[in-house]
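Residues per chain are reported as follows:
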Number of protein chains: 6
Amino acid sequence: MHRTAIYPGTFDPITNGHLDIIKRAVKIFDTVIVAVANNVGKAPLFTIEQRVEMIKESVKGISQVEVDAFNGLIIEYCQQKGATALIRGLRAISDFEYEFQMALINRKIGKDVESVFLMPKEKYTYLSSSIIKEIAAFGGDVSCFVPDVVKRHLNDKYAETKEHA
Amino acid sequence: MHRTAIYPGTFDPITNGHLDIIKRAVKIFDTVIVAVANNVGKAPLFTIEQRVEMIKESVKGISQVEVDAFNGLIIEYCQQKGATALIRGLRAISDFEYEFQMALINRKIGKDVESVFLMPKEKYTYLSSSIIKEIAAFGGDVSCFVPDVVKRHLNDKYAETKEHA
Amino acid sequence: MHRTAIYPGTFDPITNGHLDIIKRAVKIFDTVIVAVANNVGKAPLFTIEQRVEMIKESVKGISQVEVDAFNGLIIEYCQQKGATALIRGLRAISDFEYEFQMALINRKIGKDVESVFLMPKEKYTYLSSSIIKEIAAFGGDVSCFVPDVVKRHLNDKYAETKEHA
Amino acid sequence: MHRTAIYPGTFDPITNGHLDIIKRAVKIFDTVIVAVANNVGKAPLFTIEQRVEMIKESVKGISQVEVDAFNGLIIEYCQQKGATALIRGLRAISDFEYEFQMALINRKIGKDVESVFLMPKEKYTYLSSSIIKEIAAFGGDVSCFVPDVVKRHLNDKYAETKEHA
Amino acid sequence: MHRTAIYPGTFDPITNGHLDIIKRAVKIFDTVIVAVANNVGKAPLFTIEQRVEMIKESVKGISQVEVDAFNGLIIEYCQQKGATALIRGLRAISDFEYEFQMALINRKIGKDVESVFLMPKEKYTYLSSSIIKEIAAFGGDVSCFVPDVVKRHLNDKYAETKEHA
Amino acid sequence: MHRTAIYPGTFDPITNGHLDIIKRAVKIFDTVIVAVANNVGKAPLFTIEQRVEMIKESVKGISQVEVDAFNGLIIEYCQQKGATALIRGLRAISDFEYEFQMALINRKIGKDVESVFLMPKEKYTYLSSSIIKEIAAFGGDVSCFVPDVVKRHLNDKYAETKEHA
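Presented here is an overview of the structure given in this document. It should be emphasised that the depicted structure is a prediction, and the values quoted were computed from it without experimental measurement.

Quick notes on the pairing of strand 1 (residues 4–9) of chain D
Residues and elements named next belong to chain D.
Item 1. With respect to burial, strand 1 is a largely interior element, five of its six residues being buried.
Item 2. Note: strand 1 against strand 4 (residues 85–89), two bridges, orientation parallel. If you follow alanine 5 over to strand 4, its bridge partner there is alanine 85.

Quick look at the interface of chain A and chain D
Item 1. Of the residues lining the interface, 28 residues belong to chain A; the matching set on chain D comes to 28 residues.
Item 2. Across the chain A/chain D interface, buried area totals approximately 2700 Å², and carbon plus sulfur atoms make up 59% of it.
Item 3. Scanning the region where chain A abuts chain D turns up six salt bridges.
Item 4. Between glutamate 114 of chain D and arginine 24 of chain A there is a salt bridge, and its shortest N-O distance comes to 3.1 Å.
Item 5. There are 11 residue pairs in polar contact (both at pLDDT 80 or more) connecting chain A and chain D.
Item 6. Pairing geometry for strand 5 (residues 114–118) of chain A and strand 5 (residues 114–118) of chain D, over three bridges, is antiparallel.

Considerations on the relation of the copies chain A and chain D
Item 1. With an RMSD of 0.0 Å, the operation that places chain A on chain D is a rotation of 180° combined with a shift of 0.0 Å along the axis. Given the turn and translation reported, the copies of this chain are related as if by a two-fold rotation axis. Taking C-alpha positions as reference, the residue of chain A nearest the rotation axis is phenylalanine 117 of chain A, located at 2.4 Å.
Item 2. Taken as a fraction of all interface residues of chain A, those also at the interface in chain D reach 100%, which identifies the copy contact as same-surface.

Details of helix 1 (residues 16–28) of chain F
All names here are of chain F.
Item 1. Helix length check: helix 1 (13 residues) gives 19 Å between terminal C-alpha atoms against 18 Å at 1.5 Å per residue, within 8%.
Item 2. Most of helix 1 is tucked away: 11 of the 13 residues are buried.
Item 3. Among all positions of helix 1, only Asn16, Gly17, His18, Leu19, Asp20, Ile21, Ile22, Arg24, Ala25, Val26 and Ile28 are buried.
Item 4. Between the side-chain oxygen of the N-cap and the backbone nitrogen of glycine 17 there are 3.1 Å, and the N-cap of helix 1 in question is threonine 15.

A closer look at the pattern of salt bridges
Item 1. All told, the structure shown has 42 salt bridges over all chains when counted by the stated rule.
Item 2. Taken together, the shared-partner salt bridges in this structure form one network comprising Asp20, Arg24 and Lys27 of chain A together with Glu114 of chain D.

Rules and cut-offs
Residues numbered from 1 in each chain as written. Chains lettered and ligands numbered in written order. Predicted model: local features only at pLDDT ≥ 70, side-chain atom pairs only at ≥ 80, totals over all residues. Heavy atoms only, no water. Buried < 20%, exposed > 50% of the residue type's maximum accessible area, 1.4 Å probe, protein only. Helix = DSSP H or I, 4+ residues; strand = E, 2+ residues; numbered from the N terminus. Pairing = 2+ DSSP bridges. Contact = heavy atoms within 4.5 Å. Buried area = accessible area lost by both parts, 1.4 Å probe. Salt bridge = Lys/Arg side-chain N within 4 Å of Asp/Glu carboxyl O. Polar contact = N/O pair within 3.5 Å; in protein donor to acceptor, adjacent residues only side chain to side chain. Least-squares fit on C-alpha atoms with pLDDT ≥ 70 in both. Expected span 1.5 Å × (residues − 1).

So this is what it looks like as structure tokens:
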């Protein structure tokens, strides 16, 4: 039986914490689709194309992983892809609450998709995309928190900002 | 002795979780006033009139309940109404923190009003107005989370959005 | 309508935090029964008679309060007393979890009794009977944490322990 | 590829919450081994044989499930069984902390086994074996919390206690 | 050895809770620099100059305290000032999570600066600058939450708002 | 000004997490006294002498550290030693609650001693003496969690247990 899992998120940008979760997910599922939310409301730093591209570059070499953009309700996307499970990284308490809420709501709407929580390495427990952007914006070094491709994109983005300022 | 309690909130819109709390509150208090915050800053989806109207429709038949809009500090509104207690629904941890903060601040300002926490049914533990709006915005079915009148309003609202898009 | 609430606990011994909750409860309910659990398993420091007596002494002058001992399931005791509500003090997070658990279980068993959570003064937020006993056992001063009668009983208890040692 | 997961615990006794997790796990894994800890130190209410028997009876009809007893470190048991994953039910906050601790320690010792957290139905969120025993000990009805076989065992156990008293 | 600690924040405006932490910090460190974040993104109510001025007025008489504004990463500011430690007030759970995150990130970037958490008085546990502004905006009395100078500034600010309205 | 801090605990046995906190504390204080609680009630695995000895061996080479045993209330011990601060390691949520409680109680009893919370490395966040003992009891390898001297003592202890069994 072939099992597909979806790992959804904004990934603005992808971090080493996200990558760590992806590598754990492929040990359990046959295919893992990293699904990037094309969420207009949130005003992301990177375009949906850039976010997808950075993930593709970062997961190169992990054959079971696909990267895709999605609109609308994640649970409908799961059903459309025939996914068994929805992967969530369990980072910290605030997360836990939000994840519970999402998982229970998703369960009500989409009965066949199971929320599966995986735990990243301790050193990624407190990592988030927004903290990465905050550090990068101030010129801090984010090398140990993100893949190389993201580091380059962040440098370009903030260099660009400075030039325009 | 006649005891009045205030149940304040933004109610944008009212959910089945709110209704569950109201039904519990009327077992303890003689009158329960659902007080809708006319909070300009927050940019609610529904106008204050719509929010009040949806609650009125939803609590029809529970004789001890009144619905009202209020401005300013909730604690002053309580004193003006002669309320003994401020009803709060205890949903989740993040809530708990915020509620503690509000309760302690209210206590400092208005000594005679007691914060009373009630617990909704488990299935409403993780329900919130914002999650409802998120699901509805993507065309998801919210029937089991909100009263009928709210479902109709949400449908109208998002149909309207689509027409204008 | 006359409303009765039960405030259950081990009260081994009663603290100023418990007293604070009792004083809040009588603002909302007509009668508050402080129900002392005669829980053989727990090996309390004080006998059930001593615990009841210390509470009676501490609530003297608050006319709406009754003190009683109970065996078995609290929810059955509530029904037997015709109580509308079960009072719980909300002190801290660990509490919150345990209280949720108890409230949901009680709700399943006894449909007519509502769990009502009240918040003690900030300075009692972290107070517990076991910490009081720990301090008293080491000869620390507990005057600002417990009623006088409890202080006397603790002094007697630990003096007695020393004599026997 | 055949994937085996271990679901470890004391199961003293198994509850509907545990059963709910097992049913979710079999959607994701080919074989789920319910591994009952033969933990002498903990003084369980039921013998290891009774606990295994009650689970076997409860999971009858779910073909992918095996039930077994184990001694020692769970992580070594996983490796011995060739398991990919360790299933954990995520019930509440206190749990979350403990589970994180166990998962991180297990990860340090056994690199190849992934901790996978699943979420039970809301109504089982606050359910635990110890609460079941507490209710049953006082003669409360536990029908909606445990499988029939467990209910019978609990009745026998506490009837027996009364006869000996 | 002379030890300097930095106490960073937005201080929009400073509250009695912040002052309480400062008074605790000077018992442990020789110099405490209150570092006001000149964070353009956050749209503070008060200008950086006003915020610095209010703190200076509030800490007058505590000789070991300096007040300063800073841009960029706090950890670089610490190194530039030769600080041994970064002071953080530990108020509530949500805080705890965020503080952990910041402390771990700071540690990765600036190895020599230690995050030191101090606990304010219980009555300040749930106090925050934003709650103060919310109360003041509605004309509530904030005397017991902020220093006099802040109260005056808040009154001016909201009187000004009303005049322009 | 010479500043002394006390780092109290049961240390049954000391772990790398404790050592990590000690190394952080000496950056801030001139003298750090590791104070081992001679708590008869708790039935520790190691005697007070063994616990003190293992710590002494582990901190050899850190000149500012002293190791001592104490009885009674920690806050009285602090005053007797002229300590400015009480060091606490902040590991996880449950801790946080307990630590808050202890810090507030200590503050009420001993006004001059400040509770100072330090954060261990992420990899020690979930480490505890009891988990170490659990792993060691089952013959698991604890090399990466404790100093060498502790590993040897644990091996001796559990070998001894087996011989007697």
